Amino acid sequence: MNDLRVVAVHAHPDDEVIWTGGTLAKLARNGADVTVITCTTGELGEVIGDTYQALVGDRLDILGGFRLRELAGSLTALGINGPNHIPVLLGGIGAYRDSGMEGSPTTDHPHAFVRSGEQAVSQLQELLAELRPHLVITYDADGGYGHPDHIRAHEITVEATRRLREVEPDLYRTAWTKTDPEAISAGYAAIVDIPDGWIPADVDSIATAPGQIEVTLSEDDLDAKHAGMRAHATQIWLADAQSSDVNPQAAEGSIDDSGRALGMWTLSNLVTQPLIPTEHFGAGTADESWLRDVL
């Protein structure tokens, strides 16, 4: 692992820990050089709790700067992005704006990430050429659940890595994050009681796709992922009986002892999600057996 270089390309702050946090922490702890490239500062995210509600896009519109600091805390918890855990923003801070969901008028903003064109491809290509990763991880072609910025991250990663492999074919192999249906269903089945005010999930409505590679997370990996999620307090609420300045209301639920889930969390929609002990990936241009060995 000491010579392995890995880059994850994510759309917004918090995606790095929700989709890949345990795996990136595992790789870094085992000696890999791991970098997350984030494409926007998530200006259009919603906010959990009352304290910082005014930061959102249709009020003060300064949530992006707040989320950038949350990202720095998450990178520190995961032990990635170099010794100082500094966020790497595609094109620099403020180059691209959170596009919002499909059909929203915010996708027409001139700086929306979905409008980033060739410039974003070239910028990612330049960053990757500097980092020279063996493996590049991002979402699959549908962005995991259809978010336009996730789909755009996939598109620019595919094109940038394609160009770079023409010069160095042994580098820039790709893999896609997955939400495995069996693992998620098992996680939901392990939930006994959800916190007050949280909403039970409609499991059948969750966008899932089987992953060829399952990464089992150790206690250390899960501790790092939990701490990284907690750093994104405006976006992620953990049922861990702790409060914060962002959300002074603690939440607590219960799970069974099967090990299929290790806790619960939610976004601003308050739909309950299990914290499962695995992360899943599909092979893009990476050979599946090589990817399995690496992860």
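Quick summary incoming for the structure in this document.

The rules we used
- Residues numbered from 1 in each chain as written.
- Predicted model: local features only at pLDDT ≥ 70, side-chain atom pairs only at ≥ 80, totals over all residues.
- Heavy atoms only, no water.
- Helix = DSSP H or I, 4+ residues; strand = E, 2+ residues; numbered from the N terminus.
- Rg over C-alpha atoms; globule rule 2.2 N^0.38 Å.
- Contact = heavy atoms within 4.5 Å.
- Lys, Arg positive; Asp, Glu negative; His and termini not counted.
- Charge placed at Lys NZ, Arg CZ, Asp CG, Glu CD.
- Buried < 20%, exposed > 50% of the residue type's maximum accessible area, 1.4 Å probe, protein only.
- Axes fitted to C-alpha atoms, helices over the stretch in contact; angles between N-to-C directions.
- Parallel < 35°, antiparallel > 145°, perpendicular 65-115°, else oblique.
- Left-handed = near helix turned anticlockwise from the far one by under 90°.
- Nonpolar A, V, L, I, M, F, W, Y, C, P; charged D, E, K, R; others polar.
- Pairing = 2+ DSSP bridges.
- Expected span 1.5 Å × (residues − 1).

**Quick look at the overall build of the chain**
- Scanning the chain for helices and strands turns up seven helices and 12 strands.
- Taken against the 2.2 N^0.38 rule, which gives 19 Å for 295 residues, the C-alpha radius of gyration of the chain at 18 Å falls within 12% of a compact globule.
- The principal-axis extent of the C-alpha atoms belonging to the chain is close to 55 × 45 × 35 Å.
- Sequence-distant contacts in the chain: of pairs separated by 6 or more residues, those separated by 24 or more amount to 74%.
- Averaged over its 19 positive side-chain charges, the chain has a centre that lies 6 Å from the centre of its 45 negative ones.

**Digging into the environment of threonine 161**
- Mapped onto the elements of the fold, threonine 161 is located in helix 4 (residues 148-165).
- Sequence spacing of threonine 161 and leucine 27 is 134 residues, and the spatial spacing of their C-alpha atoms is 21 Å.
- The contacts of threonine 161, once residues within four sequence positions are left out, are Leu128, Val136, Tyr172 and Thr174.

**Some details on the side chain of serine 74**
- Within the fold, serine 74 resides in helix 2 (residues 63-78).
- For serine 74, a relative accessible area of 0% corresponds to the buried category.
- In this view, serine 74 contacts Glu16, Val17, Gly228, Ala231 and His232; residues no more than four positions away in its chain are not counted.

**Considering the packing of helix 1 (residues 15-29) against helix 6 (residues 219-231)**
- Viewed as axis vectors pointing N to C, helix 1 and helix 6 meet at an angle of 135 degrees, and their least axial separation amounts to 8 Å. Overall, the two elements helix 1 and helix 6 adopt an arrangement that is oblique. The chirality of how helix 1 crosses helix 6 is right-handed. Along its contact with helix 1, which presents Val17, Ile18, Gly21, Gly22, Ala25, Lys26 and Arg29, the element helix 6 presents Asp220, Asp221, Ala224, Lys225, Gly228 and Met229.
- In terms of residue class, the contact of helix 1 with helix 6 is made up of five nonpolar, three polar and five charged.

**Quick look at the sheet that holds strand 3 (residues 88-89)**
- Overall, mixed pairing links the seven strands, which are arranged 3-2-1-4-5-12-7 in an open sheet. A strand with exactly one partner marks an edge of an open sheet, and here the two such strands are strand 3 and strand 7 (213-216).
- When strand 7 meets strand 12 (residues 278-283), the two strands line up antiparallel, connected through four bridges. From the neighbouring strand, glutamate 214 faces strand 12, where its bridge partner is histidine 280.

**A closer look at helix 2**
- For helix 2, built from 16 residues, the straight-helix expectation of 22 Å at 1.5 Å per residue is met to within 8% by its first-to-last C-alpha distance of 22 Å.
- Along helix 2, the residues classified as buried are Leu63, Gly64, Arg67, Leu68, Glu70, Leu71, Ala72, Ser74, Leu75 and Leu78.
- Looking at the buried residues of helix 2, the elements they touch are helix 1, strand 2 (33-38), strand 3 and helix 6.

**Things to note about the packing of helix 1 against helix 2**
- Between helix 1 and helix 2, the shortest axis-to-axis distance is 9 Å and the interhelical angle comes to 35 degrees. Contact residues: helix 1 offers Glu16, Val17, Gly21, Ala25 and Ala28, while helix 2 offers Leu71, Ser74, Leu75 and Leu78.
- Residues belonging to the contact of helix 1 with helix 2 are distributed by class as follows: six nonpolar, two polar and one charged.

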